[in-house]
Amino acid sequence: MSKPRTIILGASHWHVPLYARAIGEEHQVVAISDEDVSLVQGLATAWGAPVEADWRSLLDLPEVGLAYVFGSHDGMAEKCLALIERGVPFVVEKPLGTSLAELVQVRKAADAAGVPATVPLVQRGGPTDRWLAKAGRPTYQRISFIAGPPLRYLANGNPWMLDPATAGGGCLANLGPHFVDLFLQSCGESAVSVDSRLSSALHGGAVEDHASLIITTPSGREAIVEVGYAFPGSPLKRYCSYTSAGGAGFASVNSDGSATFTALDGTTESAVIDVDSDPLYDPFVRRVAQTLEDGFRGLPTLAQLEDVMRPIWQAYDDQHGGKENGRP
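Quick notes on the rules
- Residues numbered from 1 in each chain as written.
- Predicted model: local features only at pLDDT ≥ 70, side-chain atom pairs only at ≥ 80, totals over all residues.
- Heavy atoms only, no water.
- Helix = DSSP H or I, 4+ residues; strand = E, 2+ residues; numbered from the N terminus.
- Buried < 20%, exposed > 50% of the residue type's maximum accessible area, 1.4 Å probe, protein only.
- Contact = heavy atoms within 4.5 Å.
- Areas by Shrake-Rupley, 256 points an atom, 1.4 Å probe, with all protein chains shown as cover.
- Lys, Arg positive; Asp, Glu negative; His and termini not counted.
- Charge placed at Lys NZ, Arg CZ, Asp CG, Glu CD.
- Phe/Tyr/Trp six-rings, centres within 6.5 Å; stacked < 30°, edge-to-face > 60°.
- Lys NZ or Arg CZ within 6 Å of the ring centre and 35° of its normal.
- Pairing = 2+ DSSP bridges.
- Axes fitted to C-alpha atoms, helices over the stretch in contact; angles between N-to-C directions.
- Polar contact = N/O pair within 3.5 Å; in protein donor to acceptor, adjacent residues only side chain to side chain.

(A) Structural context of the overall build of the chain. Assigned secondary structure in the chain consists of ten helices and 14 strands. The burial tally for the chain puts 53% of its 328 residues in the buried class. A separation threshold of at least 6 residues defines the contact pool for the chain, and within that pool the share at least 24 residues apart is 67%. On the chain, roughly 13500 Å² of surface is accessible, and the fraction owed to carbon and sulfur atoms is 52%. A distance of 4 Å separates the average location of the 25 positive side-chain charges in the chain from that of its 38 negative side-chain charges.

In structure tokens:
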């Protein structure tokens, strides 16, 4: 089977190197774009593809079969809508825009046009997700994921991440979707209410560096999700911990990968698992290649991302006392 002719929009996004090897092996990259072409010359060389500053110039290339949408959050919806207009299936990074309204617009347009799309919510099905599943459908879940300081976005070529106008928010919009998704997928419900607290007290920036959500479902299942940019710059990268209490028992995972599960009969099993999320992007790309002809069957959908982002954008609305993030 021939590899799909693929374009990469906004290739200086800090996640792209995590995709790069698999993209090169699974797809035929015919062009990439970035506003600052100097940031992506290495990728262009590795993929043997030309670079353009204007992403629109890539849309009229012949027989494009797949696109990856990266770049600043405020430009994501426009890119997606242009791809939908041309019938090009796409992978788009969360949060897909700076408001729920933008995401809903793209989801509706993709549905109406029958254009497949998927989102790299890569924690889904990963080692942590599989371990927490031992507890069964969660009644109570707690997730804490504290990444490095926000200034790292200045160093990795993504300074727009520190501007709420272009990023839409800080750690909650960036990190939160992965863990809200884990909870909603494992309990099979949508959020019915959310309580939140956002703070930028540690670094004093324009975007929050710490956020806490309490999400409740219609049946009373509850998740506490804490995310932040509060970990120091370090080879350790991050702090994380997870617990889930469900119908089969209680599962936990610590930052060092130590994991335990205690069943209802009181027996406990232990293991050490890989909690680093970086390796999860490679297999995601390979699943994109495997499922492209089936409309990305089994991968996260835009409707699921909408479910995930609804309580997150609500938290921003609540923080700012209005509906500035376009919540319908």
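Read on for the rest.
(B) Quick peek at the packing of aromatic side chains. Inspection of every chain in the model, using the stated rule, returns ten aromatic pairs. Each ring, one from Y19 and one from Y281, has its centre 5.2 Å from the other, and the planes form 55 degrees; the classification is tilted. Of this pair, Y19 sits in helix 1 (residues 16–26) while Y281 sits in helix 9 (residues 281–291), placing them 262 residues apart in sequence. Neither residue differs from the other here; Y19 and Y281 are each classed as buried. Aromatic rings pair up to connect W14, Y153, W160 and Y229 into one cluster. Between the NZ or CZ atom of K134 and the centre of the ring of W131, over which it lies, the distance is 4.8 Å.

(C) Representation of the pairing of strand 10 (residues 222–228) within the structure. Bridge count between strand 7 (residues 138–146) and strand 10: seven bridges; the pairing is parallel. When the sheet's bridge partners are listed, I143 is paired in strand 10 with V225. In terms of strand pairing, strand 9 (residues 210–216) meets strand 10 through seven bridges, oriented antiparallel. The partner of H210 across the bridge, within strand 10, is G228.

(D) A look at the sheet that holds strand 11 (residues 239–246). Strand order in the open sheet formed by eight strands is 8-9-10-7-11-12-13-14, and the pairing between neighbours is mixed. Edge strands, defined here as strands with exactly one partner in the open sheet, are strand 8 (193–199) and strand 14 (268–272). Within this sheet the neighbouring strands show an average axis-to-axis angle of 5 degrees, counted without direction. In this structure, strand 8 lies alongside strand 9, joined through seven bridges in antiparallel fashion. Note on strand 9: the bridge partner recorded for R197 is S212. Packing against the sheet, helix 10 (residues 302–320) makes contact with strand 8 and strand 9, and its axis sits at approximately 60 degrees to strand 8.

(E) Examining the environment of D60 more closely. Inspection of the secondary structure puts D60 in the loop between strand 3 (51–52) and strand 4 (66–69). Here D60 falls in the exposed class, since its relative accessible area comes to 62%. On a C-alpha basis, the gap between D60 and R86 in space is 8.9 Å, while along the polypeptide they are 26 residues apart.

(F) Main features of the side chain of R238. Along the chain, R238 turns up in the loop between strand 10 and strand 11. Since its relative accessible area comes to 14%, R238 is described here as buried. Among the polar contacts made by the side chain of R238, one reaches the side chain of D276 at a distance of 2.9 Å. Residues in contact with R238, not counting those within four places in the same chain, are F145, I146, A147, F231, S255, D276, S277 and D278.

(G) View of unusual backbone geometry. Note that the residue after K94, namely P95, is joined by a cis bond; omega there is 10 degrees. Inspection of the secondary structure puts P95 in the loop between strand 5 (90–92) and helix 4 (100–113). Although it is not a glycine, F296 adopts a positive phi angle of roughly 60 degrees. Position of F296 among the secondary structure elements: in the loop between helix 9 and helix 10.

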